[in-house]
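Descriptive analysis of the structure
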Amino acid sequence: MEAVKANAGKIALVVVLIAAAIALFAFQNAEAPKRSGQVEYICVKTGKTFWFKRSPTVLPRENPETHEKTLVPCHQTEDGQLVIDPRQRAVIQQLEKNGLNKYVDPETLVVRKNPQ
């Protein structure tokens, strides 16, 4: 009992730190956006979208219908536009250079509704 009394401050500090860590973990997980198990891809040549299971892949991904490597991941913004992540700018630029990109504006990375 003497040891507990002598170390009461240290024990209280450990308990407070553990509670703070648990609260921080719970807060971060509550605020984090939920990621779905699938990713939407746009075919830059046809404008058609596809959903694939989230997994590591080399881009551009192969279109299952045309068998051309023209698929790039995209996402929908709050205003409903489909856009490409800026990290994929080099992929879009290469597809543009190869003459395959008909639907993604290489400057804004916004997916056009009508091909160019």
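Moving on to the pairing of strand β2 (residues 49-53). Of the two faces of β2, the one holding Phe50 and Phe52 is buried and the one holding Thr49, Trp51 and Lys53 is not buried anywhere. Counted along the chain from strand β1 (residues 38-43) to the antiparallel partner β2, the turn is five residues long, and its residue glycine 47 has a positive phi close to 80°.

We now examine the pattern of salt bridges. Evaluated as defined, the whole model comprises three salt bridges. For the salt bridge of glutamate 65 with lysine 48, the shortest nitrogen-to-oxygen distance reads 2.5 Å. Of this pair, glutamate 65 sits in the loop between β3 (61-62) and β4 (69-76) while lysine 48 is found in the loop between β1 and β2, placing the two residues 17 residues apart along the sequence. Given a relative accessible area of 48%, glutamate 65 falls into the partly exposed group. Ionic pairing is found between arginine 87 and aspartate 85, a salt bridge with its closest N-O pair at 3.0 Å. You can call arginine 87 exposed: its relative accessible area is 68%.

About the cut-offs
Residues numbered from 1 in each chain as written. Predicted model: local features only at pLDDT ≥ 70, side-chain atom pairs only at ≥ 80, totals over all residues. Heavy atoms only, no water. Buried < 20%, exposed > 50% of the residue type's maximum accessible area, 1.4 Å probe, protein only. Helix = DSSP H or I, 4+ residues; strand = E, 2+ residues; numbered from the N terminus. Pairing = 2+ DSSP bridges. Salt bridge = Lys/Arg side-chain N within 4 Å of Asp/Glu carboxyl O.

Distances and angles like these do not, on their own, reveal function.
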